[in-house]
Protein chains: 2
Amino acid sequence: MPETRSFLSVDEAQAPFFVGIDLGGTNIKVGLVDDLGRTLSWLSIPTVVEKGAEHAAHRMGEAVHQAIREAGLKPDDIAGVGLGSPGGMDIPSGMLTTVINLTGWDNFPICDRVSHHCGMPVTFENDANAAAYGEYWVGSGRDFQSMVLLTLGTGVGCGIIIGDLVVQGAHSHGGEAGHIIIDFDEDARMCGCGQRGHLEAYASATAVVQRAHEILDAGRPSSLSRRIAEGTELTPKLIADEAEAGDALSVEIIADTARYIGIGAVNMMHTIDPDAVLLGGAMTFGGEDSELGRRFLAQVRDVVLRLARPIPAQKTVIDFAILGGDAGYIGAAGVARLEYRKQVRP
Amino acid sequence: MPETRSFLSVDEAQAPFFVGIDLGGTNIKVGLVDDLGRTLSWLSIPTVVEKGAEHAAHRMGEAVHQAIREAGLKPDDIAGVGLGSPGGMDIPSGMLTTVINLTGWDNFPICDRVSHHCGMPVTFENDANAAAYGEYWVGSGRDFQSMVLLTLGTGVGCGIIIGDLVVQGAHSHGGEAGHIIIDFDEDARMCGCGQRGHLEAYASATAVVQRAHEILDAGRPSSLSRRIAEGTELTPKLIADEAEAGDALSVEIIADTARYIGIGAVNMMHTIDPDAVLLGGAMTFGGEDSELGRRFLAQVRDVVLRLARPIPAQKTVIDFAILGGDAGYIGAAGVARLEYRKQVRP
């Protein structure tokens, strides 16, 4: 947790400095990083969606200045601020359009307003793209020229980086790989967006829970049923726990999820052909630190080996992301840095 | 047909000049274009695969010089040569690796050898990427900042352009969208590559013919059966003819094909989010010039409108490519021009 980490001191840091803001539906994370993406200060404030966008923009401006003070710096030391936000959005105009997780914030010029409140230029980016750029800059993508980050959580987020190009798309819909069609059948699973057969309809936490419920409802025996009867909520975490305890159904659900993620990875490989496809987000079944997580990763790699074209199958790195919840603000700071470098070194 | 076109004269042309080579399994097209992508001379020579790669490289070198002479220019007037080739290939090293349509040409350093024989620097590119760049430079993509070209023929080719970036991929497998998985079912259609459920297994000419045969074999009545009994080969062209004559099955096969192409377009839109997805190649059912082709395009657009996220669905241009068989050499010349501009204006 960033709260307990020791941050880089300003004496060890390398100018210029950037502030990244990671706007979420519950919390807003603000971090100040140096030119190498190392964090000097970090704070989290509640989003309080219902108080509205202008209120939050004002508090984001304050949080930026608090982060600057806590790092022992002055506003003039900051070369740029980056803001990563959930969509829908229009990136070039810095507007939120219709934001599912930020009810009532529609059509708000968030980039301009945050810039106004912090008194600095703000670079706007989709949150999934920002997280991908964070991993590319200083995370598990740091050795690659191109990468795709799949963020496995409530939905399936995606960010695509090629060189220093963040693939925002012509209509701010670049890297919406949660919504690629992997099963065109008319009875394919329904996605949260209202369409069928999307990657997210199979591989998100929401979908994993739904799939598990359906199999349990069909009468398949599993220790999950006992845990649910005891009052435990059915979540990917519970499925991971029961899989570790040897429950066959839980093991199978995780393997099926790995298959869907692998199919998503293959489709990215056959479109972008990146150096690496990285898996981040909350639903990595323990990730690199657990045997279950490592087995999940091995299963995804196996699907890729079986289904991708031979050369990318052999050469593309499939791995976990490493920045966790920090990827968003670090990447937002990183895109501000990209923008700054374009201006000072055009 | 290029043979009967009148070409631009050297007096009207704008220097510098570039030669593009479009290497195919049957013919090699060589064209000389000016800085605006306008053709000054053009010729086609047989590939003669069985004589080997070195023999062909030698003749490509000769053809380049013939194109220069026919345009009324000298070798010194040429700023670069581009070569588009079918894959597998390794683009950075200019090597053919395992080329399905060029038997026996494996592991041949084609870029170096053509460069040797024509005495000029050669820029190497995948043929589908080159065709996409041709459409982007001077074809129906010329007004866009980003585009995807789907080339519908024996297979489904794909080239992705974002700004002046041709998405070659980290392993020369960028834009292999014919091999994205659109149906993950275990009984999904088999692709020519040996995997199941790929776009190409549904939407290529090969797949269209196969789907038609299967439906006819199942006993569905259609005027196609009569035509086949008369000795006509079942091809997309025959299906187009019979659809125009009112055959219900032929109409249905084309509509199904439009659905698959639309699904492929949606997946590109949810990954790259380009300004435009363009459809080229031989299997456009008559294309812009025929009512059937225009209906096919309308059907693809309808699928995109129904299945894509609302904003890209409304804003992404879905249209036919316009350069036809010229896209390859023009695009190859275009990537040579990109390379030249990088060097003279870094």
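Here, residues in each chain are numbered from 1, in the same order as that chain's written sequence. Chain letters start at A and ligand numbers start at 1, both assigned in the order the entries are written. Where totals are concerned, whole chains, interfaces and linings use all residues; where local detail is concerned, this predicted model gives features only for residues with pLDDT of at least 70, and gives and counts side-chain atom pairs only at 80 or more.

1. Remarks on unusual backbone geometry
Each neighbour pair has its own omega, and for Gly87(A) with Gly88(A) the value is 5°, a cis peptide bond. The helix count covers DSSP runs of H or I at least four residues long, the strand count covers runs of E at least two residues long, and both are numbered beginning at the N terminus. Locating Gly88(A) in the fold gives a position in the loop between strand E4 (78-85) and strand E5 (89-90). Even without glycine at this site, Ser172(B) takes up a positive phi of about 60°. Along the chain, Ser172(B) turns up in the loop between strand E10 (165-166) and helix H4 (200-203). Non-glycine residue Phe285(B) carries a positive phi angle of around 55°.

2. Topic: the pairing of strand E7 (residues 122-126) of chain B
Residues and elements named next belong to chain B. Among the 5 residues that make up E7, 5 are buried, leaving the element largely enclosed by the rest of the structure. Remark: C-beta atoms are placed from the backbone, and a residue is labelled buried if 20 or more other C-beta atoms sit within 10 Å of its own, exposed if 12 or fewer do, or partly exposed between those counts. Judged by which residues are buried, E7 turns out to be covered on both faces: Val 122, Phe 124 and Asn 126 on one side and Thr 123 and Glu 125 on the other are all buried. Here the rule is simple: two strands pair whenever DSSP picks up at least two bridges between them. The pairing of strand E4 (residues 78-85) with E7 spans 5 bridges and is parallel. Each residue of the ladder has a partner; that of Gly 82, found in E7, is Thr 123.

3. Focus on the environment of His171(A)
Secondary-structure assignment places His171(A) in the loop between strand E10 (165-166) and helix H4 (200-203). Given 22 C-beta atoms within a 10 Å radius, His171(A) is considered buried. His171(A) has contacts with Asp273(B), Ile311(B), Pro312(B) and Lys315(B), leaving out every residue within four places of it along the chain. Residue pairs qualify as contacts under a 7 Å threshold applied to their C-beta atoms, which are placed from the backbone.

4. Section: the interface of chain B and chain A
Taken residue by residue, the interface counts 37 residues in chain B and 37 residues in chain A. Residue assignment for the side of chain B that touches chain A shows that the elements contributing at least two residues are helix H8 (248-269) and helix H10 (310-315) of chain B. Per-element accounting of the side of chain B that touches chain A gives the leading share, 4 residues, to H8(B). Considering only residue class, the side of chain B that touches chain A consists of 17 nonpolar, 13 polar and 7 charged. Note on residue classes: Ala, Val, Leu, Ile, Met, Phe, Trp, Tyr, Cys and Pro are nonpolar, Asp, Glu, Lys and Arg are charged, and everything else, Gly too, is polar.

5. A few points about the packing of helix H3 (residues 127-138) of chain A against helix H11 (residues 327-344) of chain A
Residues and elements named next belong to chain A. Fitting a line to C-alpha atoms yields each axis, with helices limited to the stretch in contact; the angle taken between N-to-C directions then spans 0 to 180 degrees. At a minimum axis distance of 7 Å, the contact between H3 and H11 shows a crossing angle of 85°. By the angle between their directions, the pair H3 and H11 is classed as roughly perpendicular. Between H3 and H11, the contacting residues are Asp 127, Ala 130, Ala 131, Ala 132, Tyr 133, Gly 134, Glu 135, Trp 137 and Val 138 on the first element and Ala 327, Gly 328, Ile 330, Gly 331, Ala 332, Gly 334 and Val 335 on the second. Residues of the contact of H3 with H11, tallied by class, amount to 10 nonpolar, 4 polar and 2 charged. Should an angle fall under 35 degrees it is called roughly parallel, over 145 degrees roughly antiparallel, and 65 to 115 degrees roughly perpendicular, with every other angle called oblique.

6. Some points on the relation of the copies chain B and chain A
In summary, the two copies of the chain are related to each other by a rotation about an axis coupled with a shift along it. Copies are brought into register by a least-squares superposition over C-alpha atoms of residues with pLDDT of at least 70 in both. Expressed as a screw operation, the relation of chain B to chain A combines 0.0 Å of axial shift with a rotation of 180°, fitting to an RMSD of 0.0 Å. Seen this way, the second copy is the image of the first under a two-fold rotation axis. When the interface residues of chain B are mapped onto chain A, 100% of them are again interface residues, pointing to one common binding face.

7. Focus on the domain arrangement of chain A
One frequent convention defines the size of an interface as the accessible area lost when the parts assemble. Residue and element names in this part refer to chain A. Domain start and stop positions are those given by an automatic or database domain assignment. Along its sequence, chain A is organised into domain 1 (2-134 + 325-344) and domain 2 (144-321). Secondary-structure elements contributing two or more residues to the side of domain 1 that touches domain 2 are E5, strand E7 (122-126), H3 and H11. Considering each element in turn, the side of domain 1 that touches domain 2 owes the most residues, 5 residues, to H3. Looking at the side of domain 1 that touches domain 2 residue by residue, the class counts come to 9 nonpolar, 3 polar and 2 charged.

8. Some points on the confidence of the model for chain A
Put simply, chain A has an average pLDDT of 96, and 98% of its residues get 70 or more. Scoring the predicted complex yields pTM 0.96 and, for the interface, ipTM 0.96. Known as pLDDT, the predictor's confidence for each residue is given on a scale from 0 to 100.

9. Description of the sheet that holds strand E9 (residues 156-162) of chain A
Residue and element names in this part refer to chain A. Taken in spatial order, the 5 strands line up as E10-E9-E8-E11-E12 in an open sheet, and their pairing is mixed. Each end of this open sheet is capped by a strand with a single partner; those strands are E10 and strand E12 (317-320). Direction of pairing for E9 relative to E10: antiparallel, over a ladder of 2 bridges. In the sheet register, Ile 162 faces E10, and the bridge partner there is Leu 165.

10. So, helix H1 (residues 53-70) of chain A
Residues and elements named next belong to chain A. In a helix, the anticipated span is given by 1.5 Å times the number of residues less one. Over its 18 residues, H1 runs 25 Å from end to end, which matches the ideal 26 Å to within 8%, given 1.5 Å per residue. For H1, the complete set of buried residues consists of Ala 53, Ala 56, Ala 57, Arg 59, Met 60, Gly 61, Ala 63, Val 64, Ala 67 and Ile 68. Against strand E1 (17-23), strand E2 (27-33), strand E3 (39-46), E4 and helix H2 (110-118) lie the buried residues of H1. One or two residues past the end of H1 sits Gly 72, with phi positive at roughly 80°.

11. Some words on the sheet that holds strand E1 (residues 17-23) of chain B
Residues and elements named next belong to chain B. Strand order in this open sheet of 5 strands is E3-E2-E1-E4-E7, and the pairing throughout is mixed. Looking at which strands have only one partner, the edges of the open sheet turn out to be strand E3 (39-46) and E7. The mean inter-strand angle of the sheet, taken between neighbouring strand axes irrespective of direction, is 15°. As paired elements, E1 and E4 share 6 bridges and run parallel to each other. Pairing of Gly 20 across the sheet is with Gly 82, part of E4. Helix H1 (residues 53-70) contacts E1, strand E2 (27-33), E3 and E4 of the sheet and is inclined by roughly 35° relative to E2. Each of E4 and E7 touches helix H2 (residues 110-118); the most contacted strand, E4, lies at about 140° to it.

12. A closer look at the environment of Asp273(B)
By the secondary structure assignment, Asp273(B) is in the loop between H8 and strand E11 (276-280). Residue contacts for Asp273(B): discarding those within four places in its chain leaves Gly169(A), Ala170(A), His171(A), His173(A), Gly174(A) and Pro312(B).

13. As for the packing of helix H5 (residues 205-217) of chain A against helix H8 (residues 248-269) of chain A
All names here are of chain A. Following both chains from N to C, one finds H5 and H8 inclined at 140°, their axes separated by 11 Å at the closest point. When the axis of H5 is compared with that of H8, the two are oblique. Considering the relative orientation of H5 and H8, their crossing is right-handed. Across the interface between the two elements, Val 208, Arg 211, Ala 212 and Ile 215 from H5 touch Leu 249, Ile 253 and Thr 257 from H8. Residue composition of the contact of H5 with H8, by class: 5 nonpolar, 1 polar and 1 charged. Crossings are sorted by hand: turned counterclockwise from the far helix by less than a right angle, the near helix makes the crossing left-handed, and turned clockwise it makes it right-handed.

14. Re helix H7 (residues 236-244) of chain B
All names here are of chain B. When H7 is considered as a whole, its buried residues turn out to be Pro 236, Ile 239, Ala 240, Glu 242 and Ala 243. Here the buried face of H7 lies against helix H5 (205-217), helix H6 (223-229), H8 and helix H9 (291-307). Phi turns positive one or two residues past the end of H7, at Gly 246, with a value near 100°.

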